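So you can see what is in the structure, the chains are spelled out below.
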Amino acid sequence: MKAEIIAVGSELLLGEIANTNAQYLSEWLASAGIDVHYHTVVGDNRERMQETFRQAQQRADLLVITGGLGPTEDDLTKEVLADLLGRDLVLDQAAYERIEGFLKTRQREMTINERKQALVIDGATVLRNDAGLAPGMSVQTEHHQYIVLPGVPREMKQILKDYFSHLFGQETIRSRTLRFFGIGESALNDRLETLIKEATNPSVAPYAELAEVRLRLTAKALDQQEADRMLDELEQHVLAEVGMYFYGYGETSLPEVVLKRYQEAGLTLSLAESLTGGAVASGLVDVSGASQVLRGSAVVYDDAAKQAVLSVPEDLLREHTAVSKEVAIAMAEGARELYQSDIAVALTGEAGPTSNSGKVVGTVYCAVADAHGTRIVEWQYPSFDRGMIRLRAVKDTYFLLLKHLEKSSE
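For clarity, every value in this text was computed on a predicted model and none was experimentally measured.

Considering the overall build of the protein chain
And then number 1: For the protein chain, the count of helices and strands is 16 helices and 17 strands.
And then number 2: Expected size for 410 residues packed as a compact globule is a radius of gyration near 22 Å; at 29 Å, the protein chain overshoots this value by more than 25%.
And then number 3: Summarising its shape, the C-alpha atoms of the protein chain cover approximately 90 × 50 × 40 Å along the three principal directions.
And then number 4: Within the protein chain, the fraction of its 410 residues that count as buried is 46%.
And then number 5: With 41 positive and 60 negative side-chain charges, the protein chain shows a separation of 1 Å between the mean positions of the two kinds.

Okay, here's the thing in structure tokens:
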């Protein structure tokens with residue numbers, strides 16, 4: 001079954017409210033094993049709504065329509081769909097009595113517009129709205145099924161909860177997101193080209209993010225257990241090719257994974273940042289529980305601060321400049337001593353737009369110090385702007401910390 005989700009409401013097109021219903025409905029349909037091929041938004045205009053519904057009929061078996069069921073003149077969903085199907089609107093007595101009872105509690109008489117909410121398409125299965133007044137509808141024709149729901153998210157969700165099991169079968173779609181760093185989307189596509197092309201169920205879809213890539217694995221099966229088994233098997237094939245770049249699942253982030261892994265290992269961290277100005281520490285402390293791992297962070301942007309806070313020798317700065325392997329090492333070792341942490345990381349570099357050290361803009365040094373010594377790495381980001389150089393250095397640092405922990409545990 002192919003589905004299209006149609007949201008009705010000019011307020012959506014004007015940006016006055018966000019179309020959160022579409023995301024919720026997509027997840028709901030996926031859980032029922034139904035593929036959503038299109039999302040459409042249309043304003044409260046009879047002609048455009050007719051055109052939208054007709055177009056959806058040509059490309060979908062199931063049309064899920066939200067909004068336009070209220071009492072105002074521009075709530076046209078039922079009228080437009082009834083005309084399209086060649087059916088009348090009839091009064092649903094249960095809905096009428098519910099509206100009437102609601103108004104009586106407020107000592108009001110029902111108006112013609114309020115009565116309009118109790119009208120339903122002739123032959124429809126009425127979906128009682130226990131969270132509001134206007135009921136939803138399920139309409140079955142020879143070639144299509146129409147699910148018509150209120151636009152108010154709370155009411156829509158209540159109807160889905162109450163009637164979901166009566167509308168769809170047991171087939172389910174399960175998805176899993178794998179997150180990668182240190183490999184671009186193009187390179188990852190090249191490594192997984194055959195798998196991406198040949199895998200249909202389960203399928204593989206890559207998505208590029210800011211300095212990261214994620215893969216969405218999707219499996220359709222008769223039950224959740226079988227779908228998960230299919231995903232496990234596909235994940236093994238993916239990680240066999242690009243597992244060295246993998247760091248987590250779902251909506252997790254690099255700093256979240258760093259903190260979790262170091263907490264599990266019982267290790268503490270400290271930081272010394274020049275180039276990144278505290279951004280590495282900021283990303284860590286955004287995560288709840290960071291205090292169990294992070295001992296402290298020194299933002300030492302000026303050479304005098306490097307000397308005063310981290311005891312970086314003045315002659316080292318004079319001979320090699322602040323942007324150097326030697327100074328990065330001294331910063332890391334100074335931070336480890338200052339904060340008495342198991343591991344310390346230091347960052348220094350040239351973010352541009354001009355160079356103060358003689359090094360090429362985009363040159364970054366990162367040092368990691370622990371009880372066994374200090375490791376230094378050099379990164380080059382020559383084609384990035386200042387913001388991207390700093391961002392990439394921050395994320396590379398998180399990933400380096402993960403790899404350092406893996407290497408230490410071998």
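With respect to helix H2 (residues 20-31)
Residues that lie three or four places apart on an α-helix share one face, since the helix turns once every 3.6 residues.
And then number 1: Between the first and last C-alpha of H2 there are 17 Å, a value that for 12 residues agrees with the 16 Å anticipated at 1.5 Å per step.
And then number 2: Remark: Gly33 follows H2 within two positions and exhibits a positive phi of approximately 80°.

Structural notes on the sheet that holds strand S8 (residues 145-149)
And then number 1: One open sheet accounts for 6 strands, arranged S2-S1-S3-S8-S7-S6; its pairing is mixed. Lying at the two open borders of the sheet, with one neighbouring strand each, are strand S2 (35-42) and strand S6 (125-127). Along the sheet, successive strands turn relative to each other by an average axial angle of 15°, direction set aside.
And then number 2: In the sheet, strand S3 (residues 62-66) pairs with S8 via 5 bridges, with the strands oriented parallel. If you follow Leu63 over to S8, its bridge partner there is Tyr146.
And then number 3: Its contacts with the sheet put helix H3 (residues 46-59) on strand S1 (2-8), S2, S3 and S8, and the angle it makes with S1 is roughly 170°.
And then number 4: Against the sheet, helix H4 (residues 77-85) contacts S1, S3, strand S7 (136-140) and S8, and its axis sits at roughly 165° relative to S8.

A few points about the packing of aromatic side chains
And then number 1: Applying the stated criterion across every chain, the model contains 4 aromatic pairs.
And then number 2: Ring geometry for Phe246 and Tyr249: centres 5.1 Å apart, planes at 70°, overall edge-to-face.
And then number 3: When the ring centre of Tyr207 is taken as origin, the NZ or CZ atom of Arg214, which lies over that ring, is 4.7 Å away.

What about the pattern of salt bridges?
Where charged atoms of side chains with opposite charge meet at close range, the side chains can pair.
And then number 1: On inspection of all chains with the given rule, the structure shows 19 salt bridges.
And then number 2: For Arg229, the salt bridge goes to Glu226, with nearest N and O atoms at 2.8 Å. With a gap of 3 residues between them, Arg229 and Glu226 both fall in helix H10 (residues 224-242), about one helical turn apart.
And then number 3: Under the relative-accessibility criterion, Arg229 is labelled partly exposed at 42%.
And then number 4: A relative accessible area of 31% means that Glu226 is categorised as partly exposed.

Describing the side chain of Ser341
And then number 1: Checked against the element boundaries, Ser341 lands in the loop between helix H15 (325-339) and strand S15 (343-349).
And then number 2: There is a polar contact of 2.7 Å between the side chain of Ser341 and the side chain of Ser270.
And then number 3: Ignoring anything within four residues of it in the chain, the contact list for Ser341 reads Thr268, Leu269, Ser270, Arg295 and Arg336.

Focus on the packing of helix H11 (residues 254-265) against helix H16 (residues 386-408)
And then number 1: Relative to each other, H11 and H16 sit at 25°, their axes nearing to 9 Å. Compared by their axis directions, H11 and H16 come out roughly parallel. As H11 runs across H16, the sense of the crossing is left-handed. Contact residues: H11 offers Leu254, Pro255, Val257, Val258, Arg261, Tyr262 and Ala265, while H16 offers Lys395, Tyr398, Phe399, Leu401, Leu402, His404, Leu405 and Glu406.
And then number 2: Per-class residue counts for the contact of H11 with H16 are 11 nonpolar, 1 polar and 3 charged.

Rules used throughout
- Residues numbered from 1 in each chain as written.
- Predicted model: local features only at pLDDT ≥ 70, side-chain atom pairs only at ≥ 80, totals over all residues.
- Heavy atoms only, no water.
- Helix = DSSP H or I, 4+ residues; strand = E, 2+ residues; numbered from the N terminus.
- Rg over C-alpha atoms; globule rule 2.2 N^0.38 Å.
- Buried < 20%, exposed > 50% of the residue type's maximum accessible area, 1.4 Å probe, protein only.
- Lys, Arg positive; Asp, Glu negative; His and termini not counted.
- Charge placed at Lys NZ, Arg CZ, Asp CG, Glu CD.
- Expected span 1.5 Å × (residues − 1).
- Pairing = 2+ DSSP bridges.
- Axes fitted to C-alpha atoms, helices over the stretch in contact; angles between N-to-C directions.
- Contact = heavy atoms within 4.5 Å.
- Phe/Tyr/Trp six-rings, centres within 6.5 Å; stacked < 30°, edge-to-face > 60°.
- Lys NZ or Arg CZ within 6 Å of the ring centre and 35° of its normal.
- Salt bridge = Lys/Arg side-chain N within 4 Å of Asp/Glu carboxyl O.
- Polar contact = N/O pair within 3.5 Å; in protein donor to acceptor, adjacent residues only side chain to side chain.
- Parallel < 35°, antiparallel > 145°, perpendicular 65-115°, else oblique.
- Left-handed = near helix turned anticlockwise from the far one by under 90°.
- Nonpolar A, V, L, I, M, F, W, Y, C, P; charged D, E, K, R; others polar.

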